[in-house]
Amino acid sequence: MVDVAVLISGTGTNLQSLINSCGDHNSPARITLVISNNPHAEGLNRAKAADIPTKVINHRNFKSRDLFEERLHEVLKDNGIKLVCLAGFMRILGANFINLWRNRILNIHPSLLPSFKGLHTHERAIESGALFTGCTVHFVNPELDDGPIIAQAVIAINADDTPDSLAAKVLKKEHIIYPQALKLVAEGRIRVVGNKVTMKNVIYANECMINPIT
Ligand code: GRF
């Protein structure tokens, strides 16, 4: 069983999908800690409702990013955490912290990386004239929204889509692929070679991981 911490800043719908999937008795991962940098994050209530310990580490209480991340690292270590899932965690993590947790931090991003890194992905996808967008689960490296890709799901952009309509469709896919990706990592079926992920014993990996059947 792999002990996982989920880091959030807001609503926590991805956290909820991870709580639900880790609640399955076959799950190789369990969420043993939810950390928020925002004391008012709605996701904290989701964790409490599932009897998962929570901790607020408010970045505003630290003099520097390094000090904030040192505390984060300490709390993760003290709690025996093996994997970290960022789920709407709105702080950029520095290279020191990321290197301590290299290939053990997962993130979900609402675009088909490497396109549309950063914020306002849906507006930018529509404005670009792209016909497809989606979401990506990847290991975190020191570059923003970069790192080996574990899972992606694709969504068609229709002529009448707005950023909100697209966000809703993409979010539904996020809730499918994040639990799938976490399961593969926790089962030890993922290897990182250079900047790429390879999977062991995953049958039809592409079909499963891209646009999974709902
Ligand atoms: C999601 O769109 C995720 O891709 C992005 O932040 C959003 C978080 O939503 N990183 P929620 O808090 O999980 O509902």
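Here goes a summary of the coordinates provided. Predicted model only: the values in this text are computed from it and were never measured.

Turning to the site of the ligand, a few remarks are in order. What surrounds the ligand is the set Thr11, Gly12, Thr13, Asn14, Gly88, Ile108, His109, Pro110 and Glu174. Isoleucine 108 places a main-chain nitrogen or oxygen 3.0 Å from a nitrogen atom of the ligand. One nitrogen or oxygen atom from the side chain of glutamate 174 is found 2.8 Å from an oxygen atom belonging to the ligand. In the complex, the protein chains occlude 79% of the 370 Å² of accessible area that the ligand would expose alone. The cavity where the ligand resides is the largest pocket. For the shell around the ligand, the secondary structure elements donating two or more residues are α1 (13-22) and β5 (105-109). Taken together, the residues of the shell around the ligand sort by class into 2 nonpolar, 6 polar and 1 charged. Mapped onto the domain boundaries, the shell around the ligand takes at least three residues apiece from domain 1 (1-101) and domain 2 (109-214).

Next up on the list: the pairing of strand β6 (residues 132-139). The buried fraction of β6 is high, at 7 of 8 residues. Note: β5 against β6, 4 bridges, orientation antiparallel. Bridge assignment links histidine 109 to a residue of β6, and that residue is threonine 136. Strand direction decides the pairing type here: β6 and strand β7 (residues 149-156), joined by 7 bridges, are antiparallel. Residue pairing in the sheet places phenylalanine 132 in a bridge with alanine 156 of β7.

Let us now look at the nonpolar core. Formed by 41 residues in total, the largest nonpolar core has its most connected members in Val6, Leu106, Val137 and Ile150. Residue contributions to this core peak at 9 residues, all from helix α6 (residues 163-186). Counting the residues that make up this core, at least three belong to each of domain 1 (1-101) and domain 2 (109-214). Membership of the second largest hydrophobic core comes to 19 residues, among which are Leu7, Val75, Phe89 and Phe97.

Looking now at the pattern of salt bridges. A side chain of one charge can pair with a side chain of the opposite charge when the charged atoms of the two come close. In total, this model carries 8 salt bridges according to the counting rule given. For glutamate 187, the salt bridge identified is with lysine 183, shortest N-O distance 3.2 Å. Exposure remark for glutamate 187: the relative accessible area of 31% places this residue in the partly exposed category. We classify lysine 183 as partly exposed; its relative accessible area is 40%. For glutamate 187, the salt bridge identified is with arginine 189, shortest N-O distance 2.7 Å. Put simply, Lys183, Glu187 and Arg189 are held in one network by salt bridges that share partners.

Among the secondary structure elements, leucine 86 is positioned in strand β4 (residues 83-86). Given the relative accessible area of 6%, leucine 86 is considered buried. Excluding its chain neighbours within four sequence positions, the residues that come into contact with leucine 86 are Leu7, Leu93, Ile105, Leu106, Asn107, Ile108, Val140 and Tyr178.

Let us look at the packing of aromatic side chains. All chains considered together, the criterion is met by 2 aromatic pairs. Taken together, a centroid distance of 5.8 Å and an interplanar angle of 65 degrees make the contact between phenylalanine 62 and phenylalanine 68 edge-to-face. Judged by relative accessible area, which is 4%, phenylalanine 68 ranks as buried. Aromatic side chains phenylalanine 97 and tryptophan 101 sit 6.4 Å apart centroid to centroid with 25 degrees between the ring planes, which places their arrangement in the stacked category. Per residue, the accessibility class of phenylalanine 97 equals that of tryptophan 101, and both read buried. Across from the ring centre of tryptophan 101, 5.3 Å away, lies the NZ or CZ of lysine 77, which sits over that ring.

Moving on, we get to the packing of α1 against α6. The contact between α1 and α6 brings their axes to 9 Å, and the two run at 45 degrees. It follows from the interaxial angle that α1 and α6 lie oblique. The interaxial crossing formed by α1 with α6 has right-handed handedness. Across the interface between the two elements, Thr13, Asn14, Ser17, Leu18, Ser21 and Cys22 from α1 touch Leu171, Glu174, His175, Tyr178, Pro179 and Leu182 from α6. Of the residues in the contact of α1 with α6, the class split is 6 nonpolar, 5 polar and 1 charged.

What counts, and where the lines are drawn
- Residues numbered from 1 in each chain as written.
- Predicted model: local features only at pLDDT ≥ 70, side-chain atom pairs only at ≥ 80, totals over all residues.
- Heavy atoms only, no water.
- Near = heavy atom within 4 Å.
- Polar contact = N/O pair within 3.5 Å; in protein donor to acceptor, adjacent residues only side chain to side chain.
- Areas by Shrake-Rupley, 256 points an atom, 1.4 Å probe, with all protein chains shown as cover.
- 1 Å grid on protein atoms, 1.4 Å probe; cavity = no way out; pocket = protein on both sides within 12 Å on 5 of 7 lines; lining within 4 Å.
- Sits in = over half its atoms within 2 Å of the grid points.
- Helix = DSSP H or I, 4+ residues; strand = E, 2+ residues; numbered from the N terminus.
- Nonpolar A, V, L, I, M, F, W, Y, C, P; charged D, E, K, R; others polar.
- Domains from an automatic or database assignment.
- Buried < 20%, exposed > 50% of the residue type's maximum accessible area, 1.4 Å probe, protein only.
- Pairing = 2+ DSSP bridges.
- Core = buried A, V, L, I, M, F, W, Y, C linked by side-chain atoms within 4.5 Å.
- Salt bridge = Lys/Arg side-chain N within 4 Å of Asp/Glu carboxyl O.
- Contact = heavy atoms within 4.5 Å.
- Phe/Tyr/Trp six-rings, centres within 6.5 Å; stacked < 30°, edge-to-face > 60°.
- Lys NZ or Arg CZ within 6 Å of the ring centre and 35° of its normal.
- Axes fitted to C-alpha atoms, helices over the stretch in contact; angles between N-to-C directions.
- Parallel < 35°, antiparallel > 145°, perpendicular 65-115°, else oblique.
- Left-handed = near helix turned anticlockwise from the far one by under 90°.

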